[in-house]
Every structure is written in C-alpha cells, then in structure tokens.
Amino acid sequence: MNIKEKYELSSRYETAKKDYEKWGIDVDKALDILKDIKISIHCWQGDDVTGFEANNQELSGGIAATGNYPGKARNAEELRKDLDKALSLIPGKHKVNLHAIYAETDGKFVDRDELKPEHFANWVKWAKENGLGLDFNPTIFSHEKAADNLTLSSPNKEIRDFWIRHAIASRKIGEYFGKELGQTCLTNLWIPDGYKDIPADRLGPRKRLKDSLEEIFSVEIDKKYNLDAVESKVFGIGAESYTVGSSEFYINFVNKNNLVPLLDTGHYHPTEVVSDKLSAMTLFNDKVALHVSRPVRWDSDHVVIFDDELKEIAKEIVRNDSLDKIIIGLDYFDASINRIAAWTIGSRNMIKALLSALLIPNDYLRKLQDDGNFTERLALMEEFKTYPLGDIWNYYCAKNNVPVGEEWIKEVKKYEEEVLNNRK
Ligand code: RNT
Ligand code: ZN
C-alpha cells in the first residue's frame, strides 16, 4: 500500500470510528479483542477431504465435495504451502484443524488404528514455526471398515473395536499436539452411522454407539492438552432415514460424560439455526464447539459467506460473553473454485462477522428489549446494518499486515499461476 492509500484508509477509519463512538463503542478495544479470537481452519478444504493415505480411498460417509478445480494439494507438503498462502491473507493468528487421513507415513501403509503422534511430526514442526495451534479429528469414513455407513454402532464387534482403537489413537495425537504446541487441542469425533431406509431397530445402534464412546473416553487424557468433542448430525447421503449420533443422543452423552458438544451449522433441519441453540447450550456446558459451514438446501458444505446467520452466530458469541466458551471451527469443502480462495473467503467472513458483532451496541439493544421497546430495537438493528463496518475491517486487515479489501484476490491468482497450475 502506498502512503496516499494508507492515509485515506486511516482517515476513513477515524471517521467511521466516530459513528460507532456515538453509541459508546470502543473500536480500538474491539480490534484488540478480535485479534485474540482464534478460528480453527479446516485443512480438508485444501484437497476436497481426500487425505494422503498410501492406499487412498474415495470420500465416503454420506458427505461429498463436488467440482474439479485444478491444482489441489497432492501431499502434505503442498497442503501446508497452500495453507501458508491462505493464512497470509487472513488477519490474526489461528489454528489448523487436521484429520487422521493427513498423516505422513513415508509412503508406507499404516492403518488408522495404528496411527501415532510421530505420523504428525511434520505438521507439529510447521505449526511451531508459524505459531499455530492444531486441532484433530479421527477419520471414521473413507475406509473399507466404514463401507456401509456403520462404524462405532456396527453390529459387528470387530468393526466397532477397530474404530474404538482409532479414536483412542486420535485422542493421543491430540494430546501430543496440545503438549507440543502449548495450546489445547480439540479432538472432534464424527461418525457417518445411519440407515438409508426406515430402521427396524433404532435403539440397538444407539446403545452400541454409547458403549463404544464410553470405551473411547474411558482413557484418561489431561484436558489441559486435549479436549474431546462429539458432533451430531441429522442425515447424510445414504443415511436419509436415521442417524445414530443425533442431536439428542449427543446432548445427553456430553452432559453425562463431561465432553464438548460440537454443533455443525449444516446438521439440523433447514429452518433450525445454530445461532438460536448457543445460548441454551452454553448455559449447561463449559465449552461448546462449532463447525461453521453453509448448507444450501441440504448439508452441502458451501463456503461460508457473510450472511445473516453467520452474523447472528457471531452476535451470540460476543454479546453473551461467550468468547472463551465457544470454540469456533470451520467445516466446508468446495472443489469447484480455487481452494485457497475458499479458505480465505470463509475465514475472513467469520472474522468479519465477529468484528461486526463487536461493533453493535449490544447492551443498549438488550435494554430496549427488556423495556419492551421492540420498535426501537428493530429500527436500530436495521440502521446498524449500514454502519461503516467495511472501513473498520479494512483498517484491521492493514493493521494485521494482510491485504485490504479485494486486494487478496490478486495474490491468489498469482499463486494459482505460479504454483497451482504446475500441479498436473
Ligand atoms: C460431516 C461432518 C464432519 C466432516 C469433517 C470432514 O457431515 O460435518 O465434521 O465434515 O469431519
Ligand atoms: Zn462438521
């Protein structure tokens, strides 16, 4: 940025700031708060949830990445390089979320139940070099032992035991991340288990899932290093009629077992919204984790955009003082656009939504509600929609040494020409 642009940016910032100050909002303080909020950026946007196993398997489990945009990362080194690029366009210091299929095993086949911390040593080294935290997920899909969407709830004990071993191994990898990086790792367990058609037994699978999970979580791991989350779902492709790990199942399970519930914004019926669930969940849980995604007609995992629901989620986090309670992670995978752009767009939107929530007169609006002044509540909420958020956002990006406004697009294009297009 040249001097003139810098000057214009800061004078626009000063003017915008005054608009917010009229409402008693301390903009500089908001930017300080924002700087400390970590988003867990999902590595799997970078290769369409393929992973790098020696016997690479097709994506299964009732989820799908559609599109065939050129240049996807073919190995962990390329994925880290792509992440470096995306992270250079996203303001703040964040975490990267890995799945077990991103292990590095030197071309040797290591089955999931045999995975060890050493298979993630390169990731840890990279995270250390870049001041990043790491989160983790057992990969309980895309595997021959998950072929029929039955894993931890399978009637076959051998299958269940295999995945129990994998989940325990994953928690130990999470513990290793936490110890090495000095930031607690969140290890999140999601399984695809369910039935395409009307079940003859709904209880049996849930009972088996409960037993499997109890075994997995009976292995003690210090919560300072690793926190365990479980993610519910409503349906998947090929599991349209019944999902074993439903919302009720996991809400009850986490409460009994003191785990972290994880809410994915694509995992509910279309008129349900996660923003409305957070206040209820935080009243009864110390921590609540999120997979921020964007369902379009179904759990489609579109790139997160700056829409009303995203802003509403951010408001709930900020105005309820839940910044240290809600663990924000992203979960989407679009293979039809540049993958680095996909990371950048979704992450910047999440951060921008948090900024917008920090710049709303939340206390005043709450008072209007309590006073029964719904007219002014609505009127003011609407007026704030066109307050000069963009000027504050641009200044925040410049302050954090990342491109301002749409400037980042050029950088992605350049990277596409110089790096991605050479991956044939
Ligand atoms: C699937 C879940 C799950 C996955 C990732 C890859 O519906 O949302 O979180 O998307 O683990
Ligand atoms: Zn998810």
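Given the structure is predicted, the values throughout are model-derived calculations rather than measurements.

**Q** I tried to follow the coordination of the zinc ion (ligand 2) on my own but got confused; where do I start?
**A** Angles at a metal have ideal values that depend on geometry: 109.5 degrees with four tetrahedral donors, 90 or 180 degrees with six octahedral donors. The protein atoms donating to the zinc ion (ligand 2) are Glu 231 (OE), Asp 264 (OD), His 291 (ND1) and Asp 331 (OD), with metal-donor distances spanning 2.1 to 2.2 Å. Angles of 71 to 169° at the metal separate the 6 donor atoms of the zinc ion (ligand 2), which places the site in the octahedral class. Motif for the zinc ion (ligand 2), donor spacing along one chain: E-x32-D-x26-H-x39-D. One end of the pair, Glu 231, is in strand S6 (residues 226-231); the other, His 291, is in strand S9 (residues 288-292), and 60 residues separate them in sequence. Taken individually, Glu 231 and His 291 each receive the classification buried, so the pair is uniform in this respect.

**Q** How should the domain arrangement of the protein be read in this particular structure?
**A** When the parts of a complex come together, some accessible area is lost, and that lost area is often taken as the interface size. You can read the domains of the protein as domain 1 (1-36 + 360-424) and domain 2 (38-358). Placing a centre on the C-alpha atoms of domain 1 and another on those of domain 2 gives a separation of 28 Å. Listed as interface residues are 29 residues of domain 1 and, on the opposing side, 34 residues of domain 2. Carbon and sulfur atoms make up 64% of the area that domain 1 and domain 2 hide from each other, which totals about 2800 Å². In terms of surface lost to domain 2, no three residues of domain 1 exceed Trp 393, Trp 408 and Arg 423, which account for 25% of the buried area on that side.

**Q** What is the right way to look at the nonpolar core in this model?
**A** Nonpolar side chains in soluble globular proteins tend to be buried together. With 98 residues, the main nonpolar core has Trp 123, Phe 177 and Leu 354 as its most contacted residues. Considering every element that reaches this core, the biggest residue donor is helix H10 (residues 339-358), with 11 residues. Formed jointly, this core draws a minimum of three residues from each of two domains, domain 1 (1-36 + 360-424) and domain 2 (38-358). In this structure Leu 354 touches Leu 34, Ile 37, Ile 39, Ala 314, Ile 317, Val 318 and Ile 328, once residues within four positions along its chain are discounted. Residues Ile 159, Val 244, Tyr 250 and Val 254 belong to the second largest nonpolar core, which totals 23 residues.

**Q** Whenever I open this one, the UniProt feature "binding site: Mn(2+)" (unreviewed entry) in the protein confuses me. Can you help?
**A** In the numbering adopted here, UniProt assigns the feature "binding site: Mn(2+)" (unreviewed entry) to His 267, Asp 299 and Asp 301. Despite a sequence span of 35 residues, these residues sit close together in the fold, their greatest C-alpha distance being 10.1 Å. As for its position among the elements, His 267 is in the loop between strand S8 (260-264) and helix H8 (278-284). Every residue in contact with His 267, bar those within four places of it in the chain, is listed here: Trp 190, Glu 231, Ser 232, Lys 233, Val 234 and Asp 299. With respect to the helices, strands and loops of the structure, Asp 301 is situated in strand S11 (residues 298-302). Residue classification places Asp 301 among the buried positions, given a relative accessible area of 3%. Discounting chain neighbours no more than four positions away, the residues touching Asp 301 are Ser 293, Arg 294, Asp 331, Tyr 332, Phe 333 and Asp 334.

**Q** What exactly am I supposed to notice about the site of ligand 1 here?
**A** Surveying the vicinity of ligand 1 reveals the residues Trp 44, Ile 63, His 99, Trp 190, Glu 231, Lys 233, Asp 264, His 267, His 291, Asp 299, Asp 331 and Phe 333. For ligand 1, an oxygen atom lies 2.7 Å from a polar atom in the side chain of His 99. A distance of 3.0 Å is found between an oxygen atom of ligand 1 and a side-chain nitrogen or oxygen belonging to Asp 264. Contact with the protein chains removes 99% of the 310 Å² of surface that ligand 1 exposes when unbound. Considering only residue class, the shell around ligand 1 consists of 4 nonpolar, 3 polar and 5 charged.

**Q** What's the story with the packing of aromatic side chains in this structure? I'm lost.
**A** Each pair of aromatic rings is reported with the distance of its centres and the angle of its planes. Within this structure, the stated rule accounts for 19 aromatic pairs. Each ring, one from Phe 120 and one from Phe 177, has its centre 6.0 Å from the other, and the planes form 80°; the classification is edge-to-face. Taken together, the residues span a long stretch of sequence, with Phe 120 in the loop between strand S2 (95-99) and helix H4 (121-130) and Phe 177 in helix H5 (residues 157-181) at a distance of 57 residues. Each member of the pair, Phe 120 together with Phe 177, is buried. When the ring of Phe 249 is compared with that of Tyr 250, the centres are 5.1 Å apart and the planes differ by 90°; the resulting orientation is edge-to-face. The residues Phe 249 and Tyr 250 share a single accessibility class, namely buried.

**Q** It is not clear to me how the pairing of S11 should be interpreted in this structure. Could you clarify?
**A** Moving residue by residue along a regular strand, the side chains alternate between the two faces of the sheet. Here 2 bridges tie strand S10 (residues 294-296) to S11, and the two strands are oriented antiparallel to one another. Its bridge partner lying in S11, Arg 294 is registered against His 302. Counting the residues that bridge the hairpin from S10 to S11 gives 1 residue, and of these Arg 297 lies at a positive phi of roughly 70°.

**Q** In this structure, what is going on with H4? I would like to understand it.
**A** Every α-helical turn comprises 3.6 residues, leaving residues that sit three or four positions apart pointing alike. Turning to H4, its buried residues are Trp 123, Val 124, Trp 126 and Ala 127. Here the buried residues of H4 occupy an arc of 165° about the axis, which is enough to place them on one side. Residues of H4 that are exposed and angled more than 90 degrees away from the buried face: Lys 125 and Glu 129. Packed against the buried residues of H4 are helix H3 (76-87), S2, strand S3 (133-137) and H5.

**Q** Sorry if this is basic, but what is going on with the packing of helix H9 (residues 308-319) against H10 here?
**A** The axes of two packed helices give the description: the angle between them and the distance between them. Two elements in contact, H9 and H10, have axes separated by 8 Å at closest approach and are oriented at 55°. Accordingly, the angle class assigned to the pair H9 and H10 is oblique. The interaxial crossing formed by H9 with H10 has right-handed handedness. Seen from H9, the contacting residues are Leu 310, Lys 311, Ala 314, Lys 315, Ile 317 and Val 318; seen from H10, they are Asn 349, Met 350, Ala 353, Leu 354, Ser 356, Ala 357 and Leu 358. When its residues are assigned to classes, the contact of H9 with H10 shows 9 nonpolar, 2 polar and 2 charged.

What counts, and at which threshold
- Residues numbered from 1 in each chain as written.
- Chains lettered and ligands numbered in written order.
- Predicted model: local features only at pLDDT ≥ 70, side-chain atom pairs only at ≥ 80, totals over all residues.
- Heavy atoms only, no water.
- Donors = N, O, S within 2.8 Å, 3.2 Å for Na, K, Ca; no water.
- Tetrahedral: all angles 85-135°; square planar, octahedral: opposite > 155°, others 65-115°.
- Helix = DSSP H or I, 4+ residues; strand = E, 2+ residues; numbered from the N terminus.
- Buried < 20%, exposed > 50% of the residue type's maximum accessible area, 1.4 Å probe, protein only.
- Domains from an automatic or database assignment.
- Contact = heavy atoms within 4.5 Å.
- Buried area = accessible area lost by both parts, 1.4 Å probe.
- Core = buried A, V, L, I, M, F, W, Y, C linked by side-chain atoms within 4.5 Å.
- UniProt positions renumbered as here; feature names shortened; annotations may be inferred.
- Near = heavy atom within 4 Å.
- Polar contact = N/O pair within 3.5 Å; in protein donor to acceptor, adjacent residues only side chain to side chain.
- Areas by Shrake-Rupley, 256 points an atom, 1.4 Å probe, with all protein chains shown as cover.
- Nonpolar A, V, L, I, M, F, W, Y, C, P; charged D, E, K, R; others polar.
- Phe/Tyr/Trp six-rings, centres within 6.5 Å; stacked < 30°, edge-to-face > 60°.
- Pairing = 2+ DSSP bridges.
- Arc of directions from axis to C-beta.
- Axes fitted to C-alpha atoms, helices over the stretch in contact; angles between N-to-C directions.
- Parallel < 35°, antiparallel > 145°, perpendicular 65-115°, else oblique.
- Left-handed = near helix turned anticlockwise from the far one by under 90°.

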